[in-house]
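Residue strings, one per chain:
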Amino acid sequence: MVGTGRTLGYGAAVARLAEAQKTARGVSLYSRHVNRPVGRRLAAAAYRLGLGPHQVTLLSAAVSGAALAAVALAEPSWAWGCAVWFGLFLGFALDSADGQLARLLGRSGPAGEWLDHAVDLAKITALHAVVLITFHRHFALPGDGWLLLPLGFQLAHLLLFFGGLLAEQLRRHAPSTAPPPAPSRRRALALLPVDYGTLCLLFVLLGDERAFRYGYLALGCAYVLCCAGFSVRWFRALSALNASSTPRS
C-alpha cells in the first residue's frame, strides 16, 4: 500500500508512483521507458480528478475500443492511421495507469485484476478481428491466404498473453528459494517485437497497404516464435517447481 488519501499534489503523486513502480524484470524497453512513465502521469492526473482504478480501466477500454472500431469502419489512410495509433497508445497507457492508481490508493485487489485482464482479452481479440475486417473490406489482397494471418496472429497473441499470465500465477503460489533474475537490457530489447505498444505503432502504416501487411506479417511471425519458445520455457519451469515440491519416498 502506497497511500490511502487524496492529499498529494500532482507532482508528489508522480514521485510517489515512481517510488512504487513495479519491477522491470521481463518488461520490454517500450513498456519500461514509454508506457509506464506515461501511465504514471495519467494515474497522477486521475488521482487528482478523484477517479478510481476501475473507472480508469473502463476509460482505457473505451478509448481502445473507439480506435479499433475506426480501423474496421473507416477507409485506411495515413492521417487515420496516426489517429488510430494515438487512440491505442492512450488506451495502453491508461491500462498501465489503472494499476498504478490502485497502488497509490491502496485499492489493489482481485476484482480490479480480473477487470484489467478481461479488458486486455477484449482488446487483443478485437484488434486482430478488425485487422481481418480491414483486409477483407479495404485491402486488395494478392490472395485469400492473407485472411488467415489475423487468425493465426490472434491465436499466438492470446496464448502468449494468457500462458505468461497463468505461469506467473502458478509460480506465485509455489514455494521457491531461488532469487528472481535481475532485469536484463538485452531481454528488454528482444521483447520489443512482442510488446503491445509496438503492435499499436504498426497502425500508423495503414496509409500504405503493402507496408502494413508485411509489417503485420513480421510481427505475427515474432509472436509465433516467442509463443513457442516461452511455452517450452514456462512448461519446464513449472515442471521443475512440481519436482522440487514432491517429497522423496
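So, here is what we can say about the structure in this document. (Residues numbered from 1 in each chain as written. Predicted model: local features only at pLDDT ≥ 70, side-chain atom pairs only at ≥ 80, totals over all residues. Heavy atoms only, no water.)

1. Some remarks on the overall build of the chain
No. 1: Helix and strand content of the chain: nine helices and zero strands.
No. 2: What you see in the chain, going N to C, is helices and strands ordered as α-α-α-α-α-α-α-α-α.
No. 3: A burial count over the chain gives 41% of its 249 residues as buried.
No. 4: Pairs at least 24 residues apart make up 84% of the contacts formed inside the chain by residues separated by at least 6 positions. (Helix = DSSP H or I, 4+ residues; strand = E, 2+ residues; numbered from the N terminus. Buried < 20%, exposed > 50% of the residue type's maximum accessible area, 1.4 Å probe, protein only. Contact = heavy atoms within 4.5 Å.)

2. Some details on the packing of helix H5 (residues 110–137) against helix H6 (residues 149–172)
No. 1: Orientation of H5 relative to H6, taken along the N-to-C sense of each, is 165°, at an axis distance of 8 Å. In this view, H5 runs roughly antiparallel relative to H6, as classed from their interaxial angle. As for how H5 packs across H6, the hand of that crossing is right-handed. The segment H5 lies against H6, with Glu 113, His 117, Asp 120, Leu 121, Ile 124, Thr 125, His 128, Ala 129, Val 131, Leu 132 and Phe 135 engaging Leu 149, Pro 150, Leu 151, Phe 153, Gln 154, His 157, Leu 158, Phe 161, Phe 162, Leu 165, Gln 169 and Arg 172.
No. 2: Of the residues in the contact of H5 with H6, the class split is 14 nonpolar, six polar and three charged. (Axes fitted to C-alpha atoms, helices over the stretch in contact; angles between N-to-C directions. Parallel < 35°, antiparallel > 145°, perpendicular 65-115°, else oblique. Left-handed = near helix turned anticlockwise from the far one by under 90°. Nonpolar A, V, L, I, M, F, W, Y, C, P; charged D, E, K, R; others polar.)

3. Some remarks on the nonpolar core
No. 1: Within the largest apolar cluster, 38 residues are counted, with the highest numbers of intra-cluster contacts made by Leu 88, Phe 135, Leu 160, Phe 203, Phe 212 and Tyr 216.
No. 2: Counting residues per element, the ones that place at least two in this core are helix H3 (53–73), helix H4 (78–105), H5, H6, helix H8 (196–201) and helix H9 (209–245).
No. 3: Examining the composition of this core, we find that nine residues originate from one element, H9, more than from any other.
No. 4: Excluding its chain neighbours within four sequence positions, the residues that come into contact with Leu 88 are Ser 64, Ala 67, Leu 68, Tyr 196, Cys 200 and Phe 203. (Core = buried A, V, L, I, M, F, W, Y, C linked by side-chain atoms within 4.5 Å.)

4. Topic: helix H2 (residues 29–49)
No. 1: Compared with the 30 Å implied by 1.5 Å per residue over 21 residues, the 30 Å span of H2 between its first and last C-alpha is a close match.
No. 2: Largest kink in H2: about 35°, centred on Asn 35, with the proline Pro 37 one to four residues after it. (Expected span 1.5 Å × (residues − 1). Bend = angle between axes of the 7 residues up to and from the residue.)

5. Remarks on the environment of Leu 217
No. 1: Mapped onto the elements of the fold, Leu 217 is located in helix H9.
No. 2: On a C-alpha basis, the gap between Leu 217 and Phe 153 in space is 8.4 Å, while along the polypeptide they are 64 residues apart.

6. Points about H3
No. 1: Given a rise of 1.5 Å per residue, 21 residues ought to cover 30 Å, and the 30 Å separating the end C-alpha atoms of H3 matches this to within 8%.
No. 2: All buried positions along H3 are accounted for by Pro 53, Val 56, Thr 57, Ser 60, Val 63, Ser 64, Ala 67, Leu 68, Ala 70, Val 71 and Ala 72.
No. 3: Buried residues in H3 make contact with H2, H4 and H5.

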